[in-house]
Amino acid sequence: MEQEIKNAIGLGIPELAIESKPKPEPEPKPTVTIYDFGALLLKHEPPKKQR
């Protein structure tokens with residue numbers, strides 16, 4: 001019975017191979033270094049209050 005079901009949907013036939021879809025290439029992410037992050041913090045740091 002199980003084999004009949006597989007044959008009916010085409011799984012029992014070796015000529016039918018399931019094609020795997022090619023994986024899309026991941027887009028390169030921009031690299032941020034600790035130096036870039038430090039510069040970004042300094043650039044957006046609020047002004048210090050004078051005592």
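As a reminder, the structure under discussion sits directly above these lines.
One structure accompanies this document, and this report is about it.

Turning next to the overall build of the chain. Scanning the chain from N- to C-terminus turns up 2 helices and 0 strands. Split into buried and exposed, the 51 residues of the chain put 2% on the buried side. Total accessible area computed for the chain in this model is approximately 6,100 Å², and 61% of it derives from carbon and sulfur atoms.

Turning our attention to a nonpolar patch on the surface. A cluster of nonpolar residues, Val32, Ile34, Tyr35, Phe37, Leu40 and Leu41, forms a patch on the protein surface that exposes about 700 Å² of accessible area. In this structure, phenylalanine 37 sits in helix 2 (residues 34-43).

Rules used throughout
- Residues numbered from 1 in each chain as written.
- Predicted model: local features only at pLDDT ≥ 70, side-chain atom pairs only at ≥ 80, totals over all residues.
- Heavy atoms only, no water.
- Helix = DSSP H or I, 4+ residues; strand = E, 2+ residues; numbered from the N terminus.
- Buried < 20%, exposed > 50% of the residue type's maximum accessible area, 1.4 Å probe, protein only.
- Areas by Shrake-Rupley, 256 points an atom, 1.4 Å probe, with all protein chains shown as cover.
- Patch = residues over 30% accessible without salt bridge, like charges linked within 9 Å, V, L, I, M, F, W, Y side chains within 5 Å.
- Salt bridge = Lys/Arg side-chain N within 4 Å of Asp/Glu carboxyl O.

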